[in-house]
Amino acid sequence: KNEVEQSPQNLTAQEGEFITINCSYSVGISALHWLQQHPGGGIVSLFMLSSGKKKHGRLIATINIQEKHSSLHITASHPRDSAVYICVSPGGSQGNLIFGKGTKLSVKP
Amino acid sequence: KAGVTQTPRYLIKTRGQQVTLSCSPISGHRSVSWYQQTPGQGLQFLFEYFSETQRNKGNFPGRFSGRQFSNSRSEMNVSTLELGDSALYLCASSLTAGVYNEQFFGPGTRLTVL
């Protein structure tokens, strides 16, 4: 059974800080997703990555398939980055996605 | 291109009733997946449909069912509602089936069971 663990569960930062959210999973996979969920429920897919690093604006995602670990970084954080960030791994017993519990980020001005 | 739409956005039902939720995927997307989100369990996979066929089903009771139409629109149905079915139900569409495709999420339907 694939377990997806995220840390930290909650994170409060000051505007401008560099943010790191970590995700570990237990089953060998080929790729992993990062999602962003804003207050109100809307979910946006940020990245799907299978190796190395991907960058989109101030967001950077890295993955190490051998170590079963991924990180999401936010540079120069801004209050609009306040959201829940969710790591998602394939590998469910029903061939589906397994979701981490999420990291709730709050960026203060 | 229009995004994924879900109707209704909010719904209040009572125990024992049944409910049908609708999801219209992005034009050209043939796969639709459904998820349930609750404060206690987080996001959980319900089922995935591709070309009108259910490909995968999560660990939910038979009261939860779904279908997909030839235009890729999908519905999910919950019969004999229980208090614990109160949740945000999200659908997501992707071009093809499988867990390695980028999924585009709808705004969700918030179901409250009284």
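Every chain is numbered on its own, with residues counted from 1 as its sequence reads. Both sets of labels track the order of writing: A upward for chains, 1 upward for ligands. Given that this is a predicted model, residues contribute local features only at a pLDDT of at least 70 and side-chain atom pairs are listed and counted only at 80 or more, while totals for whole chains, interfaces and linings are drawn from all residues. To get the side-chain values, take all heavy atoms of the structure and skip hydrogens and water.

Draft legend 1. Spatial organisation of the nonpolar core. Residues and elements named next belong to chain A. Within the largest apolar cluster, 22 residues are counted, with the highest numbers of intra-cluster contacts made by Leu 32, Trp 34, Leu 46, Phe 47, Leu 72 and Tyr 85. Counting from the N terminus, the helices are DSSP H or I runs at least four residues long and the strands are E runs at least two residues long. Contributing elements (two or more residues each) for this core: strand S3 (19-25), strand S4 (32-37), strand S5 (43-49), strand S7 (59-64), strand S8 (69-74), strand S9 (83-90) and strand S11 (103-108). Among the elements that take part in this core, S3 stands out by supplying four residues, more than any other. For Leu 32, the contacting residues outside a window of four places in its chain are Cys 23, Tyr 25, Phe 47, Met 48, Leu 49, Ile 63, Ser 70, Cys 87, Val 88 and Ser 89. By nonpolar core is meant a set of buried Ala, Val, Leu, Ile, Met, Phe, Trp, Tyr and Cys residues that side-chain atoms within 4.5 Å join together. For every residue, the accessible area obtained with a 1.4 Å probe (protein chains only) is divided by the maximum for its type, and the residue is called buried under 20%, exposed over 50%, and partly exposed between those limits. Here, two residues are considered to be in contact whenever any of their heavy atoms come within 4.5 Å of each other.

Draft legend 2. Quick peek at the pairing of strand S5 (residues 42-50) of chain B. Residue and element names in this part refer to chain B. Along S5, eight of the nine residues are buried, which leaves the element largely enclosed by surrounding structure. Paired strands are those between which DSSP finds at least two bridges. Of the strand pairs in this sheet, strand S4 (residues 31-38) and S5 are connected by eight bridges, and their pairing is antiparallel. Opposite Ser 33, over in S5, you have Glu 48 as the bridge partner. Between S4 and S5, which pair antiparallel in sequence order, lie three residues. Of the pairings in the sheet, the one linking S5 to strand S6 (residues 53-57) comprises four bridges and is antiparallel in character. When the bridges of S6 are listed, Glu 48 appears paired with Asn 56.

Draft legend 3. Main features of the sheet that holds S7(A). All names here are of chain A. Within the open sheet, the five strands sit side by side as S1-S3-S8-S7-S6. Their pairing is antiparallel. Each end of this open sheet is capped by a strand with a single partner; those strands are strand S1 (4-7) and strand S6 (52-56). This sheet shows a mean twist of 15° between the axes of neighbouring strands, independent of strand direction. As defined by bridge partners, S7 adjoins S8 across six bridges and the pair is classed as antiparallel. Bridge assignment links Ile 60 to a residue of S8, and that residue is His 73. Throughout, an axis means a line fitted to C-alpha atoms (over the contacting stretch in the case of helices), and angles, computed between N-to-C directions, take values from 0 to 180 degrees.

Draft legend 4. Region of the structure containing unusual backbone geometry. In this model, A:Ser7 is joined to A:Pro8 through a cis peptide bond whose omega is -10°. Considering the arrangement of structural elements, one finds A:Pro8 in the loop between S1 and strand S2 (10-14). Here B:Thr7 and B:Pro8 are connected by a cis peptide whose omega angle stands at -10°. Considering the arrangement of structural elements, one finds B:Pro8 in the loop between strand S1 (5-7) and strand S2 (10-13). The phi angle at B:Glu52 is positive, at roughly 70°, despite the residue not being glycine.

Draft legend 5. View of the sheet that holds strand S8 (residues 74-78) of chain B. Residue and element names in this part refer to chain B. Strand order in the open sheet formed by four strands is S1-S3-S8-S7, and the pairing between neighbours is antiparallel. Both edges of this open sheet fall to S1 and strand S7 (64-68), since each of them pairs with a single strand only. Direction aside, neighbouring strands of the sheet carry axes that sit 20° apart on average. Sheet topology places S1 next to strand S3 (residues 19-24); three bridges connect them, and they run antiparallel. Counted as the bridge partner of Thr 7 is Ser 22 from S3.

Draft legend 6. Quick peek at the interface of chain A and chain B. Facing the 18 residues of chain A at the interface are 18 residues of chain B. We define buried area as the total accessible area lost by two parts upon association, computed with a 1.4 Å probe and summed across both. Between chain A and chain B, roughly 1600 Å² of surface is buried when both sides are summed, and carbon and sulfur atoms account for 60% of that area. We count a salt bridge whenever a side-chain nitrogen from Lys or Arg sits within 4 Å of a carboxyl oxygen from Asp or Glu. For the pair chain A and chain B, the number of links is zero salt bridges. Under the rule applied, a polar contact is a pair of N or O atoms within 3.5 Å (in protein, one hydrogen donor and one hydrogen acceptor; residues adjacent in sequence only if both atoms are side-chain atoms). Run the count over chain A and chain B and you get one residue pair in polar contact (both at pLDDT 80 or more). At the level of elements, S4, S5, S9 and strand S10 (97-99) of chain A are the ones that each hand at least two residues to the side of chain A that touches chain B.

Function cannot be read off these values alone, since they describe shape.
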